[in-house]
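# Geometric and topological summary
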Amino acid sequence: MLERGLWILVMALLVVVVWVAFFLPEAEETAQLPHRALPLAAEPVGGDFRLSREGESFDLAQHRGKVVLLYFGYTYCPDVCPTSLVFMRQALEQLEPDQLEQVQGVFVSVDPERDDPARLDEYTRFFHPNITGVSGTHEQLQQAGRLYGAAWQRTETGSAMGYAVDHSSNTYVIGRDGQLVEILPHGSDAGQILETVLALLTED
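Since the structure is predicted, the reported quantities are computational estimates derived from the model, not experimental observations.

Tallying secondary structure elements over the chain gives seven helices and nine strands in all. Split into buried and exposed, the 204 residues of the chain put 50% on the buried side.

Okay, structure coming up:
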């Protein structure tokens, strides 16, 4: 119980740090942004997609042989994205170095207008160097989203920030063969993520 309490405290502190690091300049407007978690738009089937990372092409198939933790969100998300990425970070930090080499986190930004490559890279690296931030054109994002049933919609707020993005908040676990293995709902903690990853890493 004590160990779990410490993990919760660490997670809360990390979310606060993310807020200060990325939202403090826009704190008044960001605090007014509502967020509504959306259900999946369709039954996920999984599959490869091509987006971009730091201006260069990113192909999910390039990570064949690794366990991939895939998440759709955006860097201006005030709550669910930081929480999910903190849990992902905690799971990655519990892996042995040789295991960590076999796991890749992928954060897909569905807000390409604001999440330019520099911001996206800074945001994801803040959580863990094994988490890569990618995005693309709206057409590319829709193609990727359809494969995983990811849902998002822009909501105008009337604030200086302009809009929020309501989105589904699942972590997709992709096996080393590139097949979608499991969908972890929002709130799945580091222990659940770690257990799922380790089971895949120990498969023959």
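That shown, we press on.
Quick look at the pattern of salt bridges now. Across all of its chains, the model carries eight salt bridges by this definition. In this structure, Arg53 and Asp121 form a salt bridge, with 3.7 Å as the shortest nitrogen-oxygen distance. Taken together, the positions of Arg53 in strand β1 (residues 50–53) and Asp121 in helix α5 (residues 117–127) put the pair 68 residues apart, joining distant regions of the chain. Across the pair Arg89 and Glu93 runs a salt bridge whose closest N-O atoms are separated by 3.1 Å. Of this pair, Arg89 and Glu93 both sit in helix α3 (residues 80–93), four residues apart, which is roughly one turn of that helix. With a relative accessible area of 18%, Arg89 lands in the buried category.

All right, on to the sheet that holds strand β5 (residues 131–134) then. Taken together, the five strands give an open sheet; going across it, the order is β5-β4-β3-β8-β9, and neighbouring strands pair in mixed fashion. Whereas interior strands pair on both sides, the edge strands pair on one side only; in this sheet they are β5 and β9 (180–184). Strand-to-strand, the axes of this sheet are offset by a mean angle of 20°, without reference to chain direction. Bridging between strand β8 (residues 171–174) and β9 involves four bridges; their strand directions are antiparallel. Looking at β9, one finds that Val173 is bridged to Glu182. Relative to β5, α5 is tilted by about 160°, and along the sheet it contacts β4 (103–109) and β5.

So, about the packing of aromatic side chains. For the structure shown, the criterion picks out nine aromatic pairs. Plain terms: the ring middles of Tyr71 and Phe107 are 6.1 Å apart, the flat faces sit at 10° to each other, and that makes the pair stacked. One end of the pair, Tyr71, is in strand β3 (residues 67–73); the other, Phe107, is in strand β4, and 36 residues separate them in sequence. A relative accessible area of 0% means that Tyr71 is categorised as buried. Taking the relative accessible area as the measure of exposure, Phe107 reaches 0% and is therefore buried.

One can describe the packing of α3 onto α5 by two numbers: an axis separation of 9 Å at closest approach and a directional angle of 50°. Taken together, the axes of α3 and α5 lie oblique to each other. Residue-level inspection shows Cys81, Pro82, Leu85, Val86 and Arg89 of α3 in contact with α5, the latter providing Tyr123, Phe126 and Phe127. Here the residues of the contact of α3 with α5 are counted per class, giving seven nonpolar, no polar and one charged.

The subject of this paragraph is α3. For α3, spanning 14 residues, the distance from its first C-alpha to its last is 20 Å, which sits close to the expected 20 Å at 1.5 Å a residue. Where burial is concerned, most of α3 is hidden: 13 out of the 14 residues are buried.

Time to look at the side chain of Ser109. Structurally, Ser109 can be placed in strand β4. Within polar-contact distance, the side chain of Ser109 engages the backbone nitrogen of Asp111 at 3.2 Å. Among the polar contacts made by the side chain of Ser109, one reaches the side chain of Asp115 at a distance of 2.5 Å.

Put simply, α3 and helix α7 (residues 190–201) touch, their axes get as near as 8 Å, and they point 50° apart. Between α3 and α7, the angle falls in the class oblique. For α3 against α7, the interelement crossing comes out right-handed. Within the contact between the two elements, α3 uses Phe87, Met88, Gln90 and Ala91 and α7 uses Ala190, Ile193 and Leu194. Counted by class, the contact of α3 with α7 contains six nonpolar, one polar and no charged residues.

Cut-offs and rules
Residues numbered from 1 in each chain as written. Predicted model: local features only at pLDDT ≥ 70, side-chain atom pairs only at ≥ 80, totals over all residues. Heavy atoms only, no water. Helix = DSSP H or I, 4+ residues; strand = E, 2+ residues; numbered from the N terminus. Buried < 20%, exposed > 50% of the residue type's maximum accessible area, 1.4 Å probe, protein only. Salt bridge = Lys/Arg side-chain N within 4 Å of Asp/Glu carboxyl O. Pairing = 2+ DSSP bridges. Axes fitted to C-alpha atoms, helices over the stretch in contact; angles between N-to-C directions. Contact = heavy atoms within 4.5 Å. Phe/Tyr/Trp six-rings, centres within 6.5 Å; stacked < 30°, edge-to-face > 60°. Parallel < 35°, antiparallel > 145°, perpendicular 65-115°, else oblique. Nonpolar A, V, L, I, M, F, W, Y, C, P; charged D, E, K, R; others polar. Expected span 1.5 Å × (residues − 1). Polar contact = N/O pair within 3.5 Å; in protein donor to acceptor, adjacent residues only side chain to side chain. Left-handed = near helix turned anticlockwise from the far one by under 90°.

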